[in-house]
Amino acid sequence: MKGSQNRVDWLRHLLESYPGSRWGNRETRGLDTQFAKRTYVATELERTLLDEIRARTVRLVVLCGNAGDGKTALLQQLARELGLNPKHSAERIFDGVVQDGLRVRMNLDGSAAWKGRSADELLDEFLEPFQQGAPREDIVHLLAINDGRLLEWIERGPQTPLKQALADRMEDEAKMSAHPHPHLHFYNLNERSHVGGVSGDRSRIETHFLERLLDRLYGGAEAKEIWEPCITCSAQESCGVYGATKVFGPEGLPNSAAAKVRTRARERLFEALQAVHFRGKTHITIRELRGALVYILFGTHFCQDYHEETHAREADEAPVPYWDRAFSPKAPDRQGEVLAELVRLDPALEAHPKIDRKLLHTLKMEDRENPARLGSARRRAYFEWTEEEIKEAGGKGPASATEGAVGLGLARGRHLHRFRNLPLLDETDIRHLCADLCRGLAHLGDLPTQALDRTEVVPLRISPQTPTETAFWSEKSFDRFRLETELAPPPPDDGRLSPGLIERLHRQAFLIYRYTDGREERLRLGANLFHHLLELGEGVQLGDVSTDGTFANVSSFLQRLVREDDRELRAWNPINEGVYDLAATIDYVSGKPRQRLLIRAVTGAEEWVE
């Protein structure tokens, strides 16, 4: 009975971690409960800050970020590690003394008023000892605040060395190294990625945080004891929680799926969450991430709901399996930006005849004509089929580490692995990828094969104001293009920034063109535009994308490139299918300018003809 009660209590706390749960949401704020403390996942940032606080090398720590980024929980965790007894998150100000005499003060929400005092008054008092430099007292202050609210405080009143240092850091982290403030550490948690980070040596994408978070949600070291009663539960066949636990639970749980299936399912779940990050439409906070994982793995139904499945079906609120909770827009109680983004990546949106044929054989006869059943089967196969099973069913496995499986992946995610691995590529691979993207740019215009077959240049279509059958284009040397990610190498750790402590994962790349005069033009590439350009380069027809926001900046980027040398261009006419160079020159006759149009066939050494 004790094990059963532990499972019931644990599941109740899990359901309370999802903001859309009917059971409440008290587990979404800070470390105010024992469950929150047991499922907290510490990172290198907390461990390093703890050492620096004890060594007195840091006196002021400022944590910026959006609501839900984990600022309050991080400070409460530091207080626990220092041997102090942190208060409830509703108690904004915390004050304590460590055994060795260090006084620790924390403001858990610098954006909020407290006990009749305004946020500005609290900030003025809290930051006063650091306005002119390092304090003389044996103190350390830690502040959690939204970046917009901090900027308002910086701009209010007279400027001080502290305000200038914080303003510089908010604008550009490299500037702060110019200020002699080794006692001040500033971290913008908006820059932190919870769904993966590039390793320090740029050899892999690490997902340690996600792995530990999943294990903690299942109970960590106590997972076996918590979930053991499920083995003899009469509702296990219909229980969505039990089904997901066998696939995603940590090692050591009874009746778990095969190791390769469990590994594959976690990889696929992490891939989907990273795809949300790469789309760049939402910042995945720790609160959003926990809520989405709880919804996918545990749903919103309690144990008795699975025992009363017939009643649930009559109420049209029957529990659905984890693979449908992950992607289906019709899954009940679905809410949140991460879950909304996952709907757009639904593997059920893309068909594959050979794979679908095998999936149909796994369905009951009465379900084979139901598209919803086939879509659900695709989602499950996305998580649980290995690469060998995909190949056996007629799909293609990855040809290299930069390509994903064809036929059973995320919607519009065929090139996701190439985008994901951008920071890991060497110079040669980057050049090849840059060439593929430039080929996609060339295919945006309707150009003849004579223009597209030239590999050393990038042809860019010129659209004349008057419609004509003749195609005009400008050619740019491929050597003037390069590809970069936004993930610049971190600055050296000089004791002031400690930049390597925050896990980072890029959201975008830049295709950069260098003009002859040294100026540069940059095209921002999100995951969607990156995917579309590679598809175009392979000859895929995308239909009418003129109104697609993904291409909003491409047209102006190309127009600026074309204007660099708009007096020289090439033309092709379908009548004789010849390619010609066109050029405009200005001569002066009797002191008056005269413009001339020159033309020559591109077949060797023909002369220009006026």
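Up top is the structure.
The following refers to the structure shown. (Residues numbered from 1 in each chain as written. Predicted model: local features only at pLDDT ≥ 70, side-chain atom pairs only at ≥ 80, totals over all residues. Heavy atoms only, no water.)

What to know about the sheet that holds strand β10 (residues 481–485)
Heads up, the rule is: Here a strand pair is declared whenever DSSP counts at least two bridges between the two strands. Secondary structure elements follow DSSP: runs of H or I of four or more residues count as helices, runs of E of two or more count as strands, with numbering from the N terminus. Note on definitions: angles span 0 to 180 degrees between N-to-C directions of axes, and those axes are lines fitted to C-alpha atoms, for helices only across the stretch in contact. Throughout, a contact is declared for two residues whenever any of their heavy atoms are within 4.5 Å.
Here we have three strands laid out as an open sheet, ordered β10-β11-β12, and antiparallel in their pairing. Strands at the two margins of the open sheet, each flanked by one partner only, are β10 and β12 (520–525). Geometrically, the sheet is characterised by an average inter-axis angle of 25° between neighbouring strands, direction not taken into account. Pairing of strand β11 (residues 509–514) with β12, which is carried by six bridges, proceeds in the antiparallel orientation. Along β12, the bridge assignment pairs A509 with L525. Taken strand by strand, helix α24 (residues 554–562) contacts β10, β11 and β12, and its axis lies near 160° from that of β12.

Details of the environment of S203
Note the following rule: For the purposes of these results, a polar contact is taken to be a pair of N or O atoms within 3.5 Å, where, inside protein, one atom must be able to donate a hydrogen and its partner to accept one; residues adjacent in sequence count only when each atom of the pair is a side-chain atom.
Structurally, S203 can be placed in the loop between β6 (197–198) and β7 (205–206). Separated by 222 residues in sequence, S203 and L425 place their C-alpha atoms 8.6 Å apart. A distance of 2.8 Å separates polar atoms of two side chains, one belonging to S203 and the other to D201. A distance of 2.8 Å separates a polar atom in the side chain of S203 from a polar atom in the side chain of R204.

Some words on the packing of helix α12 (residues 286–298) against helix α16 (residues 337–344)
Short version of the rule: We call two directions roughly parallel when the angle between them is under 35 degrees, roughly antiparallel when it is over 145, roughly perpendicular when it lies between 65 and 115, and oblique otherwise. Three classes are used: nonpolar for Ala, Val, Leu, Ile, Met, Phe, Trp, Tyr, Cys and Pro, charged for Asp, Glu, Lys and Arg, and polar for all others, with Gly counted as polar.
The contact between α12 and α16 brings their axes to 8 Å, and the two run at 60°. Taken together, α12 and α16 sit at an angle that is classed as oblique. Mapping the contact onto sequence places E288, A292, Y295 and I296 in α12 and E337, V338, L339 and L342 in α16. Split by residue class, the contact of α12 with α16 holds six nonpolar, no polar and two charged.

Some points on unusual backbone geometry
Condition: Categorising residues by exposure relies on relative accessible area from a 1.4 Å probe, with only protein chains included: less than 20% of the type maximum marks a residue as buried, more than 50% marks it as exposed, and the intermediate range marks it as partly exposed.
Although it is not a glycine, K115 sits at a positive phi angle of roughly 50°. You can call K115 exposed: its relative accessible area is 64%.

As for the nonpolar core
Note the threshold: Put simply, a nonpolar core is a bunch of buried Ala, Val, Leu, Ile, Met, Phe, Trp, Tyr and Cys residues held in one set by side-chain atoms that sit within 4.5 Å of each other.
Core analysis: the largest hydrophobic core is formed by 97 residues, its most contacted members being W227, F248, L269, L289 and F298. A total of nine residues in this core trace back to one element, the largest contributor, which is α12. Sequence-distant contacts of F248, that is, excluding residues within four places in its chain, are made with L214, Y218, A265, R266, L269, L297, Y322 and F383.

Points about the packing of aromatic side chains
Which entries qualify depends on this criterion: Pairing of aromatic rings covers Phe, Tyr and the six-membered ring of Trp, with a centre-to-centre limit of 6.5 Å; geometry is then stacked below 30 degrees between planes, edge-to-face above 60, and tilted otherwise.
Under the definition given, this model contains 16 aromatic pairs. On the numbers, 5.0 Å between centres and 55° between planes, the contact of Y218 with F298 is tilted. On the criterion of sequence distance, the pair formed by Y218 in the loop between α8 (208–217) and α9 (223–227) and F298 in helix α12 is long-range, its members being 80 residues apart. Ring geometry for Y322 and W323: centres 5.0 Å apart, planes at 80°, overall edge-to-face. The buried category is assigned to W323, whose relative accessible area is 13%. Aromatic ring contacts, followed pair by pair, group F248, Y322, W323, F327, Y382 and F383 into a single cluster.

Examining helix α6 (residues 147–155)
We apply this condition: Arc definition: it is the arc formed by the directions from the helix axis to the C-beta atoms.
Inspection of α6 places R149, L150, W153 and I154 among the buried residues, and these make up the whole buried set. In an axial view of α6, the angular spread of the buried residues amounts to 140°, which keeps them on one side of the axis. Looking at the buried side of α6, the elements it contacts are β1 (60–64), α5 (119–127), β4 (139–145), α7 (161–171) and β5 (184–188). Two residues or fewer after α6 comes G157, characterised by a positive phi angle close to 80°.

Re the pairing of strand β14 (residues 579–589)
Pairing analysis gives five bridges linking strand β13 (residues 568–572) to β14, with the strands arranged antiparallel. Of the residues in β14, the one forming a bridge with W572 is V579. Note: β14 against strand β15 (residues 592–601), ten bridges, orientation antiparallel. Bridge pairing in β15 links I586 to Q595. The turn joining β14 and β15, which pair antiparallel and follow one another in sequence, is formed by two residues; a positive phi near 55° is taken by S590.

Here's the deal with the pattern of salt bridges
To keep it simple, the criterion reads: A pairing counts as a salt bridge when a side-chain nitrogen of Lys or Arg comes within 4 Å of a carboxyl oxygen of Asp or Glu.
By the definition in use, this model includes 45 salt bridges. One network of salt bridges, with partners in common, ties together R454, E456, E475, R570, D581 and R600.

A closer look at the state of the cysteines
Under the convention used in this document: Throughout, a disulfide means two cysteine sulfur atoms within 2.5 Å of one another.
Within the structure shown, the criterion is met by zero disulfides. Not part of a disulfide, C233 finds its nearest cysteine sulfur in C230, a span of 6.4 Å. With no disulfide of its own, C434 has C438 as its nearest cysteine by sulfur position, at a separation of 4.2 Å. The exposure class of C434 is buried, given its relative accessible area of 0%.

A closer look at the side chain of E271
Position of E271 relative to the elements: it lies in helix α11 (residues 259–279). When its relative accessible area of 12% is taken as the criterion, E271 is described as buried. Reaching out from E271, the side chain makes a polar contact with the side chain of H417 at a distance of 3.4 Å. Excluding residues that lie within four positions of it along the chain, E271 makes contacts with Y382, L410, L416 and H417.

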